[in-house]
Amino acid sequence: MSRKIIGKVLVLFVIGIFIYSCGGAKKPQKIEKVFWPLPPEEPRILYLGSYHGESDFKGRSALDVLLGEPEREIPKNLIKPYGVAARFGRILAGDTVAAVVFVIDPKGKKVSFIGDKAMGKLRIPVGIDIDKEGKVYVADARNQRVFVYDLKGKFKTAIGEPEGPGKLERPAGIAINEKNQRLYVVDVMDHRVKVYSLVDGKFLFAFGKRGRNPGEFNFPTNIAVDRRNGNVAVVDTMNFRVQIFNQDGKFLRTFGKLGIVPGTFARPKGIGIDSEGHIYVADAAFNNVQIFDDKGNLLLWIGKFGFGPGEFNLPAGLYVDRADRIYVADSMNKRVQVFQYLSEAWKKKYPEKYRELKLYKPSNLKKTQEK
Amino acid sequence: MKRLVLSGIIAAVGIMTTSSLALIDGSKHDLSDPNNKIRAANPADVNNEICAFCHTPHGSNTDFVGAPLWNKAIDTTVTYQVYGGGQTTGGTTVDQPGDVSRACLSCHDGVNAINSIINLPGSGGWSSTGNLIAFTTDGGATTIPAGTAATMPPGITQIGTDLRNDHPVGVMYRGDDANPPASLVPTNTALPAGFVIAGDRDGNPGPTVGDLLRGGKVECVSCHDPHLGENPTFLRLPNDNSALCLTCHAK
Amino acid sequence: MTAYLYAAEDFVSLPVEEGGEYEKGIRATKHNLAEYKGKFLNPNIAGEYNLALCMWCHTQNIDVTFVDVEYKWDPEKEVDKFPVYGQTKKGPVLKSVAPSSMVCLSCHDGANAPNITFGKSSTGTSVHSHPVFVIYRKDRKYLRPYNSPLIGWEGKKHFVYDLIKDYNGRLQCASCHDPHTTNPLFLRSKNRGSKLCTGCHAL
């Protein structure tokens, strides 16, 4: 008699688990720690997580699944993200297909949108950055302007002149320098970096032109500011190199060339610089991120083609925030991946986590090693 | 000599296969055909293409899902006066036409522009509000210039916004009811031979009446296929002896 | 194309074919990313060679002799060439997306070149772009059979089957486009009268 009851309870239990797992909101799963390089080397980059859009936070409760409630509304997710930026606990991801910027708030568990209203409607958002007042700058490649909004999505102004040297033919990557109040915009079709004032949006100067020599570009795409000294690093995509200039556009040095070996580039796109001056370059042909020091020496590369953590499918934009978190727009995987650079400051702030990594033994060391 | 004969045979086969299956080419829906009364004023504007008036392989109208890769700007807020004032004589509610019927009505309602093309053939030429190309509705006697909307002229092809005098669309097909109105046959009734249909949508094996419905409703495409130029009114089955009507109405 | 088998250093000694079949094509199109004011912006090879036009996409065949590469953060790590565009040493990872399509998409992202996306709407209708990476269903009502001839298509495509036979039966960018051709929009066949569309669609 009691056996039958236990049996029924067990069956109900199993059914319950099944229903729960069927439609429940995604709960964080226990996964292997993903970080590079593997022990015994000093760990440097740690995978934190991925964001897709509203479905990261919305889901159907177990009760809804049991009652057979249809999906209330389809969650809005990223389709093809390119530009990415982060500050104030928000992750901004520009989607070139949905033509909006997703503002993902992991703490508040919600997603809002910028650039979908009539005022400041985006066509092809590419580069994104955000200043200390929370003003969001989005380069629109089709509209030939950099639009400025507040975090809630209210349109403020547009930067870029209709004629003359301040005209943007096709703006792509952008970067802000708070100290000298400048906005650096890469103009792909004009092969120049154009600099505007953050104070009044006026055009200040431009540097570069089309060519092969140092200081010249061939379809440059992205740019990052070294927050220590104001230098800018420009991804000179179709010259397959990264060039470094000072804040006034004076050429300092260059590194990289076309190739398929570590230290060379085939389709370099997003770039970011952390608080210790390390340069991260995403390459869409290799589907990885290569890491250099500010002199251009190769430190490491992470990632390969795939869909899992630390794997990419046509990575595009890249951004390093002030806490040394690295955001990569994994465009064909429809997500933004977040990594942490384990700086000295991070190691001091999280000594326990650091210890965990140093002592970590992956369950299958041979398998997780990269080829 | 042999080579010549061989190539001649191949060419002949090629022409045969392409022409026997060229349905929309040369029909009333071929808006590049200079023989049509309602057509592009200068077919060279659209590279003499036929498909481009409704479809485009890249850069389609993503707001409209009534037809795949739609290439026209379409006002989906147009409210139509529906058949029977909202109800058929059999008591079925008639809703606004579904998106798939709005695709047809975007030319035939006399309100939306026929000459609106979002993505013109060739490089560039993309406009989210639709490029209005030079058009004529009287065989070239007068030309509606580029930039001006050309709507369906009055006549039998102008279905208009008053659908009260047209077979109902946007209406649930109630052939599976216990006492179906209008002598409708069940959805699993096989379609007669020669009925042109692509794809099995309703889950009943083989071509059945259910495959003609969209979301369970009758729409324009239930009886018409806009590509089927072989039939003068683009009917899926010639209506000899009212065979098309009798497919659904067992009178 | 035998050129692909040689490393970049050997390109130097290959005679440059004046008006070679592919070179002539790209030079006059928007895919010529190397030429500026009569000179080639040549990333790797000393001197000016027409083959510089090829490197942007045919990256796999670049010279791989590398000097002294070491990862400062992981000195023990093996140094090897990167697999490109979704491939591994054993071949492409995905059955549905061919590496050649990944090459197209790596530039057609909105910034380098006009944006291309594909997919279905929530109701299942195709939006954005013609369906791609899907199996060509030859038994569909309005699609021509595999042996339907294609007249005048570039790249030795004589039958519908030629467009998909190298790609597990699935449509790719290269089914309709040939990045080397001088046809407008890099189409394999000029689409006058919608002849490209009707090559596969029996409408």
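Each value, and the rule that gives it
- Residues numbered from 1 in each chain as written.
- Chains lettered and ligands numbered in written order.
- Predicted model: local features only at pLDDT ≥ 70, side-chain atom pairs only at ≥ 80, totals over all residues.
- Helix = DSSP H or I, 4+ residues; strand = E, 2+ residues; numbered from the N terminus.
- Buried ≥ 20, exposed ≤ 12 C-beta atoms within 10 Å, placed from the backbone.
- Contact = placed C-beta atoms within 7 Å.
- Pairing = 2+ DSSP bridges.
- Axes fitted to C-alpha atoms, helices over the stretch in contact; angles between N-to-C directions.
- Nonpolar A, V, L, I, M, F, W, Y, C, P; charged D, E, K, R; others polar.
- pLDDT = per-residue confidence, 0-100.
- Core = buried A, V, L, I, M, F, W, Y, C linked by C-beta atoms within 7 Å.

J.: How do you make sense of the overall build of chain C when you look at a structure like this?
T.: Within chain C, the secondary structure is distributed over five helices and six strands. Starting at the N terminus and ending at the C terminus, chain C contains elements arranged as α-α-β-β-β-β-α-β-β-α-α. In chain C, which comprises 203 residues, the share counted as buried stands at 36%. Sequence-distant contacts in chain C: of pairs separated by 6 or more residues, those separated by 24 or more amount to 45%.

J.: What's the story with the overall build of chain B in this structure? I'm lost.
T.: The helix and strand tally for chain B stands at three helices and six strands. Ordered by position from N to C terminus, the α and β elements of chain B give α-β-α-β-β-β-β-β-α. The dimensions of chain B, computed from C-alpha atoms along their principal axes, are 65 × 50 × 35 Å. Burial analysis of chain B (251 residues in total) assigns 41% to the buried set. Contacts in chain B between residues far apart in sequence, at least 24 positions, make up 55% of those at least 6 positions apart.

J.: Please clarify how the sheet that holds strand β3 (residues 81-87) of chain A should be interpreted in this entry.
T.: Pairing between the strands of a sheet comes from backbone hydrogen bonds, and it takes one of two forms, parallel or antiparallel. All names here are of chain A. Ordered by their spatial adjacency, four strands build an open sheet running β3-β4-β5-β6, and the pairing between neighbours is antiparallel. Looking at which strands have only one partner, the edges of the open sheet turn out to be β3 and β6 (110-114). When the angles between neighbouring strand axes are averaged without regard to direction, this sheet yields 20 degrees. Where strand β5 (residues 100-105) meets β6, five bridges bridge the pair, whose relative direction is antiparallel. In the sheet register, Ile-104 faces β6, and the bridge partner there is Val-111.

J.: How should the interface of chain A and chain C be read in this particular structure?
T.: At the junction of the two partners, chain A supplies 44 residues and chain C supplies 35 residues. Considering every element that reaches the side of chain A that touches chain C, the biggest residue donor is strand β22 (residues 298-302) of chain A, with three residues. Its residues assigned to classes, the side of chain A that touches chain C shows 27 nonpolar, 10 polar and seven charged.

J.: Sorry, what's going on with the interface of chain B and chain C here?
T.: Interfaces are often sized by the accessible area lost when the parts come together. With 27 residues of chain B at the interface, the matching set in chain C holds 25 residues. When the residues that make up the side of chain B that touches chain C are grouped by side-chain class, the tally is 14 nonpolar, 12 polar and one charged.

J.: Would you mind going over the pairing of strand β12 (residues 182-187) of chain A with me for this structure?
T.: Along any regular strand, the residues point their side chains to alternate faces of the sheet. Residue and element names in this part refer to chain A. The buried count for β12 comes to six of six residues, which makes it a mostly enclosed element. For strand β11 (residues 171-177) and β12, the ladder comprises five bridges, and the chain directions are antiparallel. Note that in β12 the partner of Ile-174 across the bridge is Val-185. Hairpin connection of β11 to β12: four residues between the antiparallel strands, including Gln-181 at a positive phi of 55 degrees. Pairing of β12 with strand β13 (residues 192-197), which is carried by six bridges, proceeds in the antiparallel orientation. Note on β13: the bridge partner recorded for Val-185 is Lys-194. Taken together, β12 and the strand that follows it, β13, pair antiparallel across an intervening segment of four residues, in which His-191 is found at a positive phi of about 55 degrees.

J.: How should I be thinking about the environment of C:His31 in this particular structure?
T.: All names here are of chain C. Along the chain, the position of His-31 falls in the loop between α2 (21-27) and β1 (35-36). Looking at His-31, the number of C-beta atoms within 10 Å reads 18, which means it is partly exposed. Separated by 148 residues in the primary sequence, His-31 and Pro-179 place their C-alpha atoms 7.4 Å from one another. When sequence neighbours within four positions are dropped, the list of residues in contact with His-31 reads Ile-26 and Pro-179.

J.: In this structure, what is going on with the confidence of the model for chain B? I would like to understand it.
T.: Per-residue pLDDT for chain B has a mean of 88; in total, 91% of the residues score no lower than 70. Across residues 11-21 of chain B the pLDDT falls below 50, and counting only partners more than four positions away or on other chains, this stretch makes seven contacts in the model.

J.: What am I meant to see in the nonpolar core here?
T.: Soluble globular proteins: nonpolar side chains tend toward being buried together. By size, the foremost hydrophobic cluster in this structure holds 122 residues, and its most contacted members are A:Leu92 and A:Ile223. For this core, the element with the highest residue contribution is β5(A), accounting for five residues. Those residues within four positions of A:Ile223 in sequence are excluded, and the remaining contacts are A:Gly173, A:Ile174, A:Ala175, A:Tyr184, A:Val186, A:Val193, A:Val232, A:Ala233, A:Val234 and A:Ile271. Counting residues in hydrophobic clusters, the runner-up holds 52 residues, among them B:Phe53, B:Ala67, B:Val171 and C:Val127.

J.: I would appreciate a short explanation of the sheet that holds β13(A) in the present structure.
T.: Residues and elements named next belong to chain A. Pairing is antiparallel in the open sheet, where four strands are placed in the order β11-β12-β13-β14. Each edge of the sheet is formed by a strand with only one pairing partner; in this case those strands are β11 and β14 (203-207). Neighbour-to-neighbour, the strand axes of the sheet open up by a mean angle of 20 degrees, direction not taken into account. Bridge count between β13 and β14: four bridges; the pairing is antiparallel. Along β14, the bridge assignment pairs Tyr-196 with Phe-203.

J.: Would you mind showing me how to read helix α2 (residues 99-108) of chain B here?
T.: Structural remark: α-helix, 3.6 residues per turn; residues separated by three or four positions point the same way. Residues and elements named next belong to chain B. Extensive coverage of α2 is indicated by the burial of eight of its 10 residues. All of the buried residues in α2 are Val-100, Ser-101, Arg-102, Ala-103, Cys-104, Leu-105, Ser-106 and Cys-107. Backbone geometry just after α2 places Gly-110 at a positive phi near 70 degrees.

J.: Even after reading the chapter, I still don't get unusual backbone geometry, so can you show me in this structure?
T.: Most of the time, phi is negative for any residue but glycine, and the peptide bond is trans. The omega torsion of the bond from A:Trp36 to A:Pro37 falls at -15 degrees, within 30 degrees of zero and hence cis. Following the sequence through the fold, A:Pro37 ends up in the loop between β1 (35-36) and β2 (45-51). Residue A:Pro39 is joined to A:Pro40 through a cis peptide bond whose omega torsion reads 10 degrees. The residue A:Pro40 is located in the loop between β1 and β2 in this model. In this structure, A:Gln181 takes a positive phi of about 55 degrees despite not being glycine. Mapped onto the elements of the fold, A:Gln181 is located in the loop between β11 and β12. Phi is positive for C:Ser194, which is not a glycine, with a value near 60 degrees.

J.: Explain the pairing of strand β21 (residues 288-292) of chain A here, please?
T.: Residue and element names in this part refer to chain A. Most of β21 sits out of view: five of its five residues are buried. Side chains of β21 alternate between two faces, with Asn-288, Gln-290 and Phe-292 and Val-289 and Ile-291 buried alike. With five bridges connecting them, strand β20 (residues 279-283) and β21 associate as antiparallel partners. By the bridge assignment for β21, Tyr-280 is matched with Ile-291.

J.: Got a minute to help me understand helix α3 (residues 99-107) of chain C in this structure?
T.: Turning to α3(C), its buried residues number three or more, namely C:Ser101, C:Met102, C:Val103, C:Leu105, C:Ser106 and C:Cys107. For α3(C), the elements touching its buried residues are α4 (173-176) of chain C.

J.: So what exactly am I meant to see when it comes to the confidence of the model for chain C here?
T.: Atom-level detail of predicted coordinates should not be read off regions where pLDDT is low. All names here are of chain C. Residues at a pLDDT of 70 or more form 78% of chain C, whose mean pLDDT is 79. Confidence drops under pLDDT 50 across residues 1-17; counting only partners more than four residues distant or on other chains, this segment forms 20 contacts. With pTM at 0.86, the complex prediction returns an ipTM value of 0.85.

J.: Please clarify how the environment of B:Thr142 should be interpreted in this entry.
T.: All names here are of chain B. The residue Thr-142 is located in the loop between β4 (135-136) and β5 (171-172) in this model. According to the C-beta neighbour criterion, Thr-142 is exposed, with 9 such atoms within 10 Å. On a C-alpha basis, the gap between Thr-142 and Met-152 in space is 14 Å, while along the polypeptide they are 10 residues apart.

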